[in-house]
Structure formats: C-alpha cells, structure tokens
Amino acid sequence: TIFDRFKAVPTYVIDYPVASSREACKTLRSFVDAGCCEIGAHLHPWVNPPTGGPIDSFHSYPGNLPPEEERAKLDALTKRIEDEFRARPGIYKAGRYGVGRATEGILLELGYKIDVSLVPHSDFSSDGGPNFGGIPAHPFVTKGGVVALPLTVTFVGHLAGMGATLYPYLTARLSHRLHAPGVAARTGLLERLRLSPEGHAASDMCRETRAALARGERFFMLTYHSSSLLPGASPYVRTTADREKFLERIERYLRFFVAECGGRMISVSDAAALLLAAVRERETARTDRAFVTAGTESRQRRQGW
C-alpha cells in the first residue's frame with residue numbers, strides 16, 4: 001500500500017523455499033500481474049538444490065562454492081522461478097551478498113542482466129564473505145556487460161571525504177573493541193549509513209541521502225529483508241508495534257525523497273536500462289571524438305603541418 005501510494009515498483013528477490021511455496025507465489029504473481037513489482041533470484045545455498053556439500057558459514061556465501069556447484073544451484077533456482085512466474089528472472093542478489101570470482105560468468109551464462117548484490121564500503125571477509133571496499137558506490141556496467149546496482153551506503157560526518165580510507169581502521173579488531181566506530185559517529189566525525197530501515201531511523205536515511213546528493217550521487221536503493229515485517233523474525237521488529245514503526249520509517253523516507261529531494265521512483269529494470277543507454281551514448285560520443293581527431297590529424301598531415 002505504501003509503495004503504491006508513492007508509485008514505487010519494488011523488486012522481490014526470492015530464494016528456493018519461497019519460489020517453491022504455492023501460497024507465496026500466488027501472492028507474488030498477483031503483484032506481478034498488476035505491474036506492481038519485479039521478481040529476482042536470491043540464492044541461499046543451504047536451502048537450494050542440488051543438496052550436498054558442507055553447510056557452514058563460509059559456504060553460506062554462494063561465491064565461495066565451487067563454480068560448478070554455484071552454477072547448478074542458481075540454475076535450479078532460475079528454473080523454479082521461471083516455472084512459477086512464466087518468465088525467466090534477470091535480476092540477481094546473492095544470499096548474504098556473497099558474490100565470488102565465478103559469479104559474473106555464471107550470471108551471463110544463465111541470462112542475468114542485473115546484479116544487486118554489491119555493498120560499497122563494506123567488508124564481510126572476517127566471516128568468509130567478500131570485501132567490497134574497492135567497488136564504486138554508484139551504478140556501473142561490468143566488463144562482461146552485467147549492470148551492477150550497488151546498495152546505497154554513504155559516509156557522513158566531518159571526515160566523510162576520507163571515509164573509504166579511515167573506516168577500515170575504525171572497524172579493525174582492536175578499534176572495534178575500543179568502540180571506535182561508535183565514538184566517531186557520536187562525535188560527528190565519521191559514520192557509515194546504509195539506506196535501510198533496518199537499524200536506521202528515518203532521520204538517518206534522510207541524512208544519508210542529503211550527504212550522497214551533495215557528493216553528486218543520483219541513484220538510491222532502499223533495501224530490507226522481508227523477515228523484518230514479521231514480528232519476532234528479526235532483531236529489527238520484535239512486536240506488532242515495532243512493525244508499525246518500521247513501516248512508518250519507510251513511508252517517511254519515501255515522502256522525504258519525493259517531496260524534499262524531488263526524486264522519482266523507478267524499477268530496477270528501468271534503472272539498468274537508463275544506465276545502459278547512458279553508457280552507449282558516452283561510447284558513441286567517444287567514437288565521434290576519435291573520428292574527428294583522426295580526420296583533423298589526416299588533414300594536417302596533407303597540409304604539411
């Protein structure tokens with residue numbers, strides 16, 4: 001209801017148990033048929049066939065699986081979603097944000113065009129996951145042609161401009177024990193904010209967006225887990241009253257984004273299409289400039305310059 005009010009088209013990335021639930025798929029199909037959402041794939045290896053192999057923290061990141069196993073599991077999930085929704089998914093989000101070296105090739109092979117797994121300024125390597133410290137915070141197209149739409153993560157505070165350099169030191173083991181990230185945030189020096197109602201107040205999300213806009217960012221992705229809407233299923237929403245507050249945070253942020261920022265809602269697929277169009281336009285302009293330069297150089301040579 002909130003999304004409809006703001007003309008937002010969410011993407012629901014679903015894992016194998018959800019794609020195998022008749023009740024869940026019936027509800028989601030009603031949204032798809034009404035043009036109210038998009039469906040993507042969300043690979044959680046431990047509940048996704050083919051079964052077998054270790055079940056532990058390291059292998060809960062899909063990108064840590066042997067490439068043939070990662071491919072087999074995503075292929076099974078892709079076919080399951082295609083059977084239920086009569087369309088092959090083109091949007092992928094790795095469970096636990098767990099992309100790996102083989103992931104892009106697997107996505108291309110299975111027909112995925114968009115990856116929404118990346119979390120800028122975040123390092124999950126202490127748990128065996130990926131380190132996203134060096135990736136851009138803005139959308140980009142990979143060399144293979146996959147459109148990467150990262151989660152929105154922004155540094156705020158007096159030292160925000162140095163956030164990418166300083167934050168890894170603040171979150172190092174010793175610094176973390178000394179509560180350095182909390183001290184830096186409370187003193188207004190440096191804070192890392194993710195655009196999510198999970199663990200963030202509406203005011204935090206608004207601060208994050210203002211800071212990102214000031215730095216020239218123009219793409220924002222708000223994310224949360226569906227389990228956060230079920231009281232008791234996550235630490236963010238323990239009661240029905242918590243859920244009302246959670247929904248209120250989403251609504252307050254969307255109102256701020258539209259009314260104060262002049263933002264507009266756009267689906268993940270449409271965002272990817274705009275980015276690809278911009279990339280093609282830049283490539284065309286670059287080719288035209290090269291042609292003009294080459295032509296000018298040729299004329300200069302004929303004239304003896």
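It should be emphasised that the depicted structure is a prediction, and the values quoted were computed from it without experimental measurement.

Enquirer: Mind showing me how you'd approach helix H9 (residues 202–214) here?
Expert: One full turn of an α-helix is made of 3.6 residues, so residues set three or four places apart face in the same direction. Between the first and last C-alpha of H9 there are 18 Å, a value that for 13 residues agrees with the 18 Å anticipated at 1.5 Å per step. Of all the positions in H9, only Ala202, Asp204, Met205, Cys206, Glu208, Thr209, Ala211 and Ala212 are classed as buried. Structurally, H9 contributes buried residues whose contacts are with strand E7 (153–156), strand E8 (191–194) and helix H10 (240–259). Immediately beyond the C-terminal end of H9, within one or two residues, lies Gly216, with a positive phi of roughly 100°.

Enquirer: I keep staring at the packing of H9 against H10 and nothing clicks. Help me out?
Expert: When two helices pack together, their arrangement is given by the angle between the helix axes and by the axis-to-axis distance. Following both chains from N to C, one finds H9 and H10 inclined at 30°, their axes separated by 9 Å at the closest point. Classified by the angle between their axes, H9 and H10 sit roughly parallel to one another. For the crossing formed where H9 meets H10, the hand is right-handed. Mapping the contact onto sequence places Ala202, Met205, Cys206, Thr209 and Arg210 in H9 and Arg249, Arg252, Tyr253, Phe256 and Phe257 in H10. Residues belonging to the contact of H9 with H10 are distributed by class as follows: 6 nonpolar, 1 polar and 3 charged.

Enquirer: I'm lost on the confidence of the model for the chain in this one. Help?
Expert: Caution applies to low-pLDDT regions: their predicted coordinates should not be interpreted in detail. Per-residue confidence for the chain averages 93 on the pLDDT scale, and 94% of its residues sit at or above 70. Counting interchain partners and residues more than four positions distant, the pLDDT-below-50 stretch residues 295–305 has 1 contact.

Enquirer: Just checking my understanding: could you explain the sheet that holds strand E2 (residues 38–43) for this structure?
Expert: Two modes of strand pairing occur in sheets, parallel and antiparallel, and in both the strands are linked by backbone hydrogen bonds. Spatial ordering of the open sheet is given by E1-E2-E3-E4-E6-E5, a layout of 6 strands whose pairing is mixed. Unpaired on one side and paired on the other, strand E1 (11–14) and strand E5 (140–141) mark the two borders of the sheet. Across 2 bridges, the pairing between E5 and strand E6 (residues 147–148) is antiparallel. Across the sheet, the residue bridging to Phe140 is Ala148, located in E6.

Enquirer: Teacher, can you tell me more about unusual backbone geometry here?
Expert: Following Pro49, the chain continues into Pro50 via a peptide bond in cis, with omega recorded as 0°. Following the sequence through the fold, Pro50 ends up in the loop between E2 and helix H4 (67–85). Even without being glycine, Lys7 reaches a positive phi, approximately 55°. Along the chain, Lys7 falls in the loop between helix H1 (2–5) and E1. The class of Lys7 is exposed, set by a relative accessible area of 71%. Despite not being glycine, Arg86 shows a phi value in the positive range, around 60°. Along the chain, Arg86 turns up in the loop between H4 and strand E3 (91–94).

Enquirer: Could you clarify how one ought to interpret the nonpolar core in this entry?
Expert: Soluble globular proteins tend to bury their nonpolar side chains together. Judged by nonpolar contacts, the single largest core of 28 residues is most densely connected at Leu74, Ile81 and Tyr92. The set of elements that each furnish at least two residues to this core consists of helix H3 (22–33), E2, H4, E3 and helix H5 (103–109). Counting residues per element, this core draws most heavily on H4, at 4 residues. Not counting residues within four places of it along the chain, the set of residues in contact with Leu74 comprises Ala41, Leu43, Tyr92, Ile106, Leu107, Leu110 and Tyr112. Of all hydrophobic cores here, the second largest spans 16 residues; its members include Phe6, Leu195, Met205 and Ile250.

So, how was this worked out
Residues numbered from 1 in each chain as written. Predicted model: local features only at pLDDT ≥ 70, side-chain atom pairs only at ≥ 80, totals over all residues. Heavy atoms only, no water. Helix = DSSP H or I, 4+ residues; strand = E, 2+ residues; numbered from the N terminus. Expected span 1.5 Å × (residues − 1). Buried < 20%, exposed > 50% of the residue type's maximum accessible area, 1.4 Å probe, protein only. Contact = heavy atoms within 4.5 Å. Axes fitted to C-alpha atoms, helices over the stretch in contact; angles between N-to-C directions. Parallel < 35°, antiparallel > 145°, perpendicular 65-115°, else oblique. Left-handed = near helix turned anticlockwise from the far one by under 90°. Nonpolar A, V, L, I, M, F, W, Y, C, P; charged D, E, K, R; others polar. pLDDT = per-residue confidence, 0-100. Pairing = 2+ DSSP bridges. Core = buried A, V, L, I, M, F, W, Y, C linked by side-chain atoms within 4.5 Å.

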